[in-house]
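Architecture at a glance
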Amino acid sequence: MTVKVEVVEGGVPHKKILAAGVIVSLVCLYLSYLNVMTNTMLYSFFGGLAVVAALYWGSHTIKVLCSYGIGTGVPSAGMISFGSGVIAMLLATKFGVAAPVVALVLAAVIGFILGYLSNEVLNMKIPAMVQALTELAVVGAFTLMGFAVLITGRFTFTELTTGSVSFLGGLATLPSYQVSFIGGCAIAVAFMLGALAIQHPFNACLGPGWTQDRMLMLTAECGFLSMIVGAVMSFALIPAGAALISLIVALIGWGYTYMKYFELSKRDAAAWLDAKPIPDVEGQ
Amino acid sequence: MTAVAAKPAAGGAMNPTAMGVGVVLLLILLGACYFVSPGLGLMALIGIIIGGVLIGFGTHFVPVGGAPAAMGQAPGIATGVAMLAAGAGLAGLSGGAWAAEEGTAVAVITGGVGGGLMMAITCMLVNFVYVFGMGIPAASGKVKKDPITGDTQAEFKSQGTEGHGLPFVSFVGGVIGGILGGAGGTIIYLMLLDLYKATLPITMKATEAQIMPIAVSLAGMFAVGMFLVNAVLTAYNITGTIEGPHDPKFKRWPRSIVASAAASALCGLVAVLIVAM
């Protein structure tokens, strides 16, 4: 079970991607704190960028783990990543401005213990297991926190559970727990958006023709695709102008990464034919 | 360690030291919970651990075929352990959550029935596809006779395969697994819901009716998270395919019990801390 079928040949080493992922996600999450300092929601899109950065790192971690042939399918790694990540993220939001750092530490502790349990108690004996599950839990927590910022503009527990309903055409507002990220269960959608985006890239690109840059470009594409949905959802909870900025950033990012991914796919293909969906019939 | 030097997995072997560490970890986490929230929190955590163990144990019953089953070369349902466990458990959890107001016993039974029903429908339609779509009979490769019906298997098994289709014993195993998983998921949800309903109004200074959306959502998300953690840990225990309760891999369940109990205690403690801090 533990015979490694592929090795990372060339490309960026995993440690660099790990470091970049942690730093960019943390910086983006903290840049969204500009929302609180300037008392606007305009910087919510940094949450979406944190999501993309965390997923970018996470999909490469899945590659490192799953190239050992763990026998349970690639999606299981995405599932445990978000299962442990959501638990760490929810407690971390209680710590106010320290939330992203607490999420990092708490998710790492949970992931480390789960890695120990699977490697030793369940006898998996995979060298990369403990480190990979530690990283994946952090990725899950960061992604969900990024979605929380993208959709609500904040990452603290009070802000994520309290929203407001306006009526009489916006003349009066009432506090409501139902119109919020957690109370309205938008977190469940964010959970699945992230889980699909993290498990898909390696699942789609694995095999003898695997190339690092193509898989990572697909990850970025999936991340921006999830960000589009998150940005659309954010219209319900933050002002339309701020949500529009997130949507435009997401659309531009998705368009760019999709084009790049298409190019890389053509580069790696043995041959390709630009077939038309419906062939022209001669004489018409 | 390089990839080439890595030893093959020990398979069914137990690691007594690690099992000991797992049990000690479980006790430490229970102690930590007693320290921060002796009454309600500890009760909830014990319920969560029972639920997690039920999920971990129940998943061993589910016939998982993976990719070989999709090609008709191994018995079971053609997908991974984590997907099947999550499907059955979340179906049960939704059923149990609807019945949450009817009391714990009714809700847990409803959750179990929901999970079992989901697996029964899945197993039946899988067999429809195998028999009428792919034209293959159901035959187990791991036993000579079906332990329940006593039907012989070898004549129906194609050469070069590990069996195919979904024999009766696997069907029964799938339903039992669904019942245990659905009931386990519902127990976790109910324990957390009761805890949050009692404590959130105090910490958030609101009435119980106002915080209900948050209590339901938080309990639901934690239950889903713990469910996936337990399901994937069990998937790692099984590594690949399992036919059901008659499969030799089923004997690995003690490892899974320890791992699920410790993992549920860890995740449960975090879920308790969110209101105990």
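Residues numbered from 1 in each chain as written. Chains lettered and ligands numbered in written order. Predicted model: local features only at pLDDT ≥ 70, side-chain atom pairs only at ≥ 80, totals over all residues. Heavy atoms only, no water.

1. Thoughts on the overall build of chain B
From N to C terminus, chain B includes eight helices and two strands. Walking chain B from its N terminus toward its C terminus, one meets helices and strands in the order α-α-α-α-α-β-β-α-α-α. Taking 19 Å as the expected radius of gyration for a compact globule of 277 residues, we find that chain B reaches 20 Å, a close match to that expectation. With the C-alpha coordinates of chain B rotated into their principal frame, the extents come out at 70 × 45 × 30 Å. Residue pairs at least 24 apart in sequence account for 71% of intrachain contacts in chain B once pairs closer than 6 positions are excluded. In the form shown here, chain B has an accessible surface area of approximately 11,000 Å², with 72% of it arising from carbon and sulfur atoms. Positive and negative charge centroids in chain B, built from 11 and 10 side chains respectively, lie 14 Å apart. (Helix = DSSP H or I, 4+ residues; strand = E, 2+ residues; numbered from the N terminus. Rg over C-alpha atoms; globule rule 2.2 N^0.38 Å. Contact = heavy atoms within 4.5 Å. Areas by Shrake-Rupley, 256 points an atom, 1.4 Å probe, with all protein chains shown as cover. Lys, Arg positive; Asp, Glu negative; His and termini not counted. Charge placed at Lys NZ, Arg CZ, Asp CG, Glu CD.)

2. A short note on the side chain of A:Ser226
All names here are of chain A. Turning to its location among the elements, Ser226 is positioned in helix α9 (residues 212-234). Within the structure, Ser226 has its side chain in polar contact with the backbone oxygen of Leu193 (distance 3.3 Å). Those residues in contact with Ser226, other than ones at most four positions away along the chain, are Phe147, Leu193 and Ala197. (Polar contact = N/O pair within 3.5 Å; in protein donor to acceptor, adjacent residues only side chain to side chain.)

3. Thoughts on the confidence of the model for chain B
Residue and element names in this part refer to chain B. For chain B, the average pLDDT comes to 87, and 96% of its residues sit at 70 or higher. Predicted confidence is poor over residues 1-10, with pLDDT under 50, and the contacts of this stretch with residues over four places away or in other chains come to 13 contacts. For this predicted complex, the interface confidence comes out at an ipTM of 0.88, alongside a pTM of 0.89. (pLDDT = per-residue confidence, 0-100.)

4. Some words on the interface of chain A and chain B
Listed per partner, the contact involves 46 residues of chain A and 49 residues of chain B. Taking both partners together, chain A and chain B bury about 4,300 Å²; carbon and sulfur atoms supply 79% of that area. When the buried surface of chain A facing chain B is broken down by residue, A:Ile87, A:Leu122 and A:Tyr177 rank first, second and third, together holding 16% of it. In this structure, the connection of chain A to chain B is made through zero salt bridges. Applying the counting rule to chain A against chain B returns four residue pairs in polar contact (both at pLDDT 80 or more). Elements with a minimum of two residues in the side of chain A that touches chain B: α4 (74-92), α5 (99-121), α6 (129-152), α7 (157-161) and α8 (186-205) of chain A. Here the side of chain A that touches chain B gets eleven residues from one element, more than from any other, and that element is α4(A). Looking at the side of chain A that touches chain B residue by residue, the class counts come to 31 nonpolar, eleven polar and four charged. (Buried area = accessible area lost by both parts, 1.4 Å probe. Salt bridge = Lys/Arg side-chain N within 4 Å of Asp/Glu carboxyl O. Nonpolar A, V, L, I, M, F, W, Y, C, P; charged D, E, K, R; others polar.)

5. A look at the pattern of salt bridges
Residues and elements named next belong to chain A. As enumerated under the stated definition, the model contains six salt bridges over all chains in all. Residue Glu120 pairs with Lys125 through a salt bridge whose shortest N-O separation is 3.3 Å. With a closest N to O distance of 4.0 Å, Glu159 and Arg154 form a salt bridge. Residue Arg154 is classed as buried on the basis of its relative accessible area, which comes to 12%. Several salt bridges share partner residues, and in doing so they unite Asp213, Arg214, Arg267 and Asp268 into one network. (Buried < 20%, exposed > 50% of the residue type's maximum accessible area, 1.4 Å probe, protein only.)

6. Considerations on unusual backbone geometry
Phi angles above zero are rare outside glycine, and A:Cys185 is one such case at about 60°. Residue placement: A:Cys185 occurs in the loop between β2 (172-176) and α8. Relative accessible area serves as the criterion here: at 30%, A:Cys185 is assigned to the partly exposed category. Positive phi values are uncommon outside glycine, yet B:Lys205 reaches one of about 55°. Here B:Lys205 shows up in the loop between α6 (168-204) and α7 (208-238).

7. What about the packing of helix α2 (residues 40-59) of chain B against α6(B)?
All names here are of chain B. Between α2 and α6, the shortest axis-to-axis distance is 7 Å and the interhelical angle comes to 165°. Classified by the interaxial angle, the pair formed by α2 and α6 is roughly antiparallel. In this structure, the crossing between α2 and α6 has a hand that is left-handed. Listed contacts from α6 to Leu40, Gly41, Met43, Ala44, Gly47, Ile48, Gly51, Gly52, Leu54, Ile55, Phe57 and Gly58 of α2 are Gly177, Leu180, Gly181, Gly184, Gly185, Ile187, Ile188, Met191, Leu192, Leu195, Ala198 and Thr199. Classifying every residue of the contact of α2 with α6 gives 14 nonpolar, ten polar and no charged. (Axes fitted to C-alpha atoms, helices over the stretch in contact; angles between N-to-C directions. Parallel < 35°, antiparallel > 145°, perpendicular 65-115°, else oblique. Left-handed = near helix turned anticlockwise from the far one by under 90°.)

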